Amino acid sequence: MNILTNPKRLRGFERHIKVDNVSRRSILKGLGLAGGFVLAAPVMSRPGFAAYQTGADKMPHGTVVDPRVFVSIASDGTVTIVAHRAEMGTGVRTSLPMIVAEEMEADWSRVRVQQAPGDEAKFGNQDTDGSRSTRHYLMPMRQIGASARTMLETAAAKRWGVPATEVKAVNHEVIHSASGRRIGFGELAADAAKQSVPSVEGLKLKDPKDFRYLGKGQIGIVDLRDITVGTARYGADVRLPGMKYAVIARPPVTGGKVASFDGAEAMKVSGVEKVMEVKGWPWPSKFQPLGGVAVIARNTGAAIKGRNALKIVWDDGPNSKYESVAYRAQLEGAARKPGLVVRKEGDVEAALKGADKVIVGEYYVPHHAHVSMEPPVAVADVKGDRAEIWAPVQSAGGTREDVAKTLGIPQENVTVNVTLLGGGFGRKSKCDFALEAALLSKELGAPVNVQWTREDDVRNGFLHTVSVERIEAGLDKSGRVTAWRHRSVAPSIASTFAAGAVHQAPFELGMGLVDMPFEIANVQCENPEAAARTRIGWFRSVSNIPRAFAVQSMVGELAHATNRDQKTMLLELIGSPRIVKLDSVKDLWNYGEPYDSYPIDTARLRKVVELVADKGGWGRSVPKGHGLGIAAHRSFVSYIATIVEVAFDNGKLTVPRVDTAIDCGAYVNPERIQAQMEGAVIMGLSFAKHGEITFKDGKVQQGNFDDFPVLRIDESPAVTNVYIVPPGPDTPPSGVGEPGVPPVAPALINAIFAATGKRIRALPIGKQLEA
Amino acid sequence: MIKVKINSQEHSWDGDPDLPLLWFLRDEAGLTGTKYGCGQALCGACTVIVDKQAVRACITSVSDVVGREVTTIEGLHPTGDHAVQKAWRQLNVPQCGFCQTGQIMQAAALLMENPKPTHDQIREAMAGNICRCGTYQRIENAVHLASTGV
Ligand code: FES
Ligand code: FES
């Protein structure tokens, strides 16, 4: 049996040997895969090598380029490739192993994928977040595959006594064409295992013209069949002997705690076995649990029924006055006064004063909840000083660290098994639910499944921030924009980690505020203060959502004010093809990437606008009651432009068609890129039309899909067309999972304006279009 | 003691007869292909077929299905090759996949009742099933494909 089928045994072979290259944190580890690929190969250091630089090695634990960690070959020829990132629907569990298979000339039908447990020292960074997986791992995975191929070729050459240059791996075999000999990967596995790992510099990567899988899009995701027959395993599908099922009543107000509770009625519910208080952490609590009262039962249904019978008195704490209407007014007040200057070019004050016309737009985007179809859930089995977790977490390595810290046990004693994620969208970057399960299992002395109900998910999550974006644009007599002042006010994600964080962090400022790419002489971006009153977290696309909404709506407003076509206005603002210089911005956040490899390139932004306009028929005549809107935005170092067509049928808004173009540089699986873009359109339309979380008395007022609706199939566009820009020869890969979302809402809003003359400045649209 | 028939197999239950079928399937019978998404008949993740109708298992109690035939995703087709399942794979419908067993059961029930639904009828019948990943366009096309022959 292939050792990788048993992660517990695999861990036994682990030896922690770190080699830190000052400039690069590529870590090599000695790992012998008995019966697998490489036996006791010497550990050696390799200096960094990459055709382009990414920020991968600045991530905790960087990258690991070592075939012994990621690849094993069984004697029957089965190639096992480790997927070390979490699968939440982007297809990464397929695409990263596919890169390795491509370079090593493995036949995809003989490859199986093994999900890595949380262990960043061994596998490198596992935080599946920030649309980073392909852009950080395309090159390392190619190197891993090329290393494996080289070792197989070396082993075959030695066996035949011919120079290695005369043999070639082709589709799961190594061939010596001069003599016509060929030998399968399985037969070579043991010998290949004895070869030393070649240096990264000497590796010969495949010529892209010889790619069989990369960039082709003909391979379905590895879990496709399991998903359609119901055997795919998500967080709640793990079954352990003696496992209990629990739900937790958590404080309804962020920072609250249990004052007293009475569990007598809950204990009477058939199937309920125990009621107990569970530990919470004071606000701001990072990813630590909120605490509350747990009901433990023989099945989840009984636990929920028991929880409904609990009587709890809460001490609401410092946020019990949080109220959304008043908070919005407070944000608007702040946006109308000067704030911390975070970008400054020219003299915006003077330019606005001297302008022929000033257009002001104030835009509002409320809190939003992730509501992944799979609510948070985790299974934990804690015995003494050892813990094993099964959970749908985006960050397996981070979860392992946090479980160890929370339980006060060494990290080596914690195993985090990553199941499939039933959606993530940033919610499952936070491992609070796994920590809850670990703590509860420890208390119970039994394995336990902690299930969040949908209401828990909506009321106790880490919400998308709430923001007011105010833009003032000054125009000269000819209609040229000469001044741009953008004030962005929103509670920061930093507030979840540190008390008193009132300004946006650099990574939030860099998402559509200070990186605004327009060619305008006088620009000022400001960030007035806002204090958080609930837990704020990453939501797919993060601050790009309100910023793109505001900036691209303003483009539409300026087009109207100057009587120009939206696309013409947009291209004029983007200006000449150039690399944008942002010298006045301190700590510019470029999604963690070096600016040299991933600059803001307006030529690429213009290109996606032109592409979508061309393919999407911009300017086509549409029937009465229809309208077209366009928006473009760079985020996660990718470039997207989107056109939305709306139609009003008896006053009812429908979306007949959406066209979207993406330039994400070099890519692996265009079929999944298309799927991500289709999904991004639905998510964008969803929060634009419906989604709003509001607070009263510190409590979330919504709870489920009735009062927090999301887009359904009957509202989805009749057609969504996706166009992918073919990469240039040297274009590094960039994000896909998130960047499709931000342009959708402003394109929709611009289309509504085109159709009706009504300008929506606050999301969601809700009832605003009803006369 | 209640006896229920799921995927042609008899199961007995001596616990709370009001227990939602969803939790009986998942936690007592070990049939985890049926998913929890809302518990309020709002999302369709828990869809199963009872006799010939799509039913939300989260608001159906175990006692409600006594004497009836419950089919879950595990029992939809012996080899997992129902026309709907095949169409789903052909068009690469799933993203995260979590909603998909419910979507497939809903689609299978629709085709039993209406073998050749129009696109509007597909949208109407599938509107109770949420996909947060946004695979709707492919769902619509896959139901259409399943109805015209995979
Ligand atoms: S879980 Fe039953 S409809 Fe959502
Ligand atoms: S595929 Fe993820 S919710 Fe539908």
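All of these numbers come straight from a predicted model, not from anything done at the bench. (Residues numbered from 1 in each chain as written. Chains lettered and ligands numbered in written order. Predicted model: local features only at pLDDT ≥ 70, side-chain atom pairs only at ≥ 80, totals over all residues. Heavy atoms only, no water.)

Chemist: Quick question: what am I supposed to make of the overall build of chain B here?
Modeler: Across its full length, chain B holds 5 helices and 5 strands. Counted from the first residue to the last, chain B has its helices and strands arranged as β-β-α-β-β-β-α-α-α-α. For a compact globule of 150 residues, the expected C-alpha radius of gyration is about 15 Å, and chain B comes in at 15 Å, within 12% of that figure. When the backbone C-alpha atoms are referred to their principal axes, chain B occupies close to 45 × 25 × 25 Å. (Helix = DSSP H or I, 4+ residues; strand = E, 2+ residues; numbered from the N terminus. Rg over C-alpha atoms; globule rule 2.2 N^0.38 Å.)

Chemist: What am I meant to see in the interface of chain B and chain A here?
Modeler: Interfaces are often sized by the accessible area lost when the parts come together. With 51 residues of chain B in contact, the opposing surface of chain A contributes 66 residues. A combined buried area of about 4,700 Å² lies between chain B and chain A, and 52% of that area is made up of carbon and sulfur atoms. In terms of surface lost to chain A, no three residues of chain B exceed R123(B), R132(B) and Y136(B), which account for 19% of the buried area on that side. For the pair chain B and chain A, the number of links is 8 salt bridges. When the shortest N-O distance is used, the salt bridge between D81(B) and R225(A) registers 3.5 Å. Applying the counting rule to chain B against chain A returns 36 residue pairs in polar contact (both at pLDDT 80 or more). (Contact = heavy atoms within 4.5 Å. Buried area = accessible area lost by both parts, 1.4 Å probe. Salt bridge = Lys/Arg side-chain N within 4 Å of Asp/Glu carboxyl O. Polar contact = N/O pair within 3.5 Å; in protein donor to acceptor, adjacent residues only side chain to side chain.)

Chemist: Quick question: what am I supposed to make of the domain arrangement of chain B here?
Modeler: Residues and elements named next belong to chain B. Entries for chain B in the domain assignment read domain 1 (2-75) and domain 2 (83-148). Between domain 1 and domain 2, the C-alpha centre-to-centre distance is 21 Å. With 16 residues of domain 1 at the contact, the number on the domain 2 side is 13 residues. Between domain 1 and domain 2 lies a buried interface of about 1,200 Å² when both sides are counted; carbon and sulfur atoms form 63% of it. For the pair domain 1 and domain 2, the number of links is 5 residue pairs in polar contact (both at pLDDT 80 or more). Those elements that provide at least two residues to the side of domain 1 that touches domain 2 are strand 3 (47-50) and strand 4 (53-56). Here the element with the most residues in the side of domain 1 that touches domain 2 is strand 3; it accounts for 3 residues. Of the residues in the side of domain 1 that touches domain 2, the class split is 8 nonpolar, 5 polar and 3 charged. (Domains from an automatic or database assignment. Nonpolar A, V, L, I, M, F, W, Y, C, P; charged D, E, K, R; others polar.)

Chemist: Which parts of the structure should I look at to understand helix 5 (residues 136-148) of chain B?
Modeler: Here helix 5 of chain B spans 18 Å end to end across 13 residues, near enough to the 18 Å set by a 1.5 Å rise per residue. In terms of residue burial, helix 5 of chain B counts as a mostly covered element, since 10 of its 13 residues are buried. When we look at burial in helix 5 of chain B, the residues that qualify are Y136(B), Q137(B), R138(B), I139(B), E140(B), A142(B), V143(B), L145(B), A146(B) and S147(B). Where the residues of helix 5 of chain B are buried, they touch helix 19 (670-689) and strand 28 (719-724) of chain A together with helix 2 (83-90), helix 3 (100-113) and helix 4 (119-126) of chain B. With its phi angle positive at about 105°, G149(B) sits one or two positions after the end of helix 5 of chain B. (Expected span 1.5 Å × (residues − 1). Buried < 20%, exposed > 50% of the residue type's maximum accessible area, 1.4 Å probe, protein only.)

Chemist: I tried to follow the side chain of Q100(B) on my own but got confused; where do I start?
Modeler: Structurally, the position occupied by Q100(B) is in helix 3. Contact partners of Q100(B), with chain neighbours within four places excluded, come to I227(A), W88(B), V93(B), P94(B), Q95(B), C131(B), T135(B) and I139(B).

Chemist: Explain the sheet that holds strand 5 (residues 111-115) of chain A to me, please; I cannot follow it from the model alone.
Modeler: By definition, the strands of a sheet pair up through backbone hydrogen bonds, in either a parallel or an antiparallel sense. Residues and elements named next belong to chain A. Taken in spatial order, the 3 strands of this open sheet run 3-4-5, and their pairing is mixed. Every interior strand has two partners, whereas the edge strands, strand 3 (71-73) and strand 5, have only one. Strand after strand, the sheet turns through a mean of 25° between neighbouring axes, direction not considered. The pairing of strand 4 (residues 79-83) with strand 5 spans 5 bridges and is classified as parallel. (Pairing = 2+ DSSP bridges. Axes fitted to C-alpha atoms, helices over the stretch in contact; angles between N-to-C directions.)

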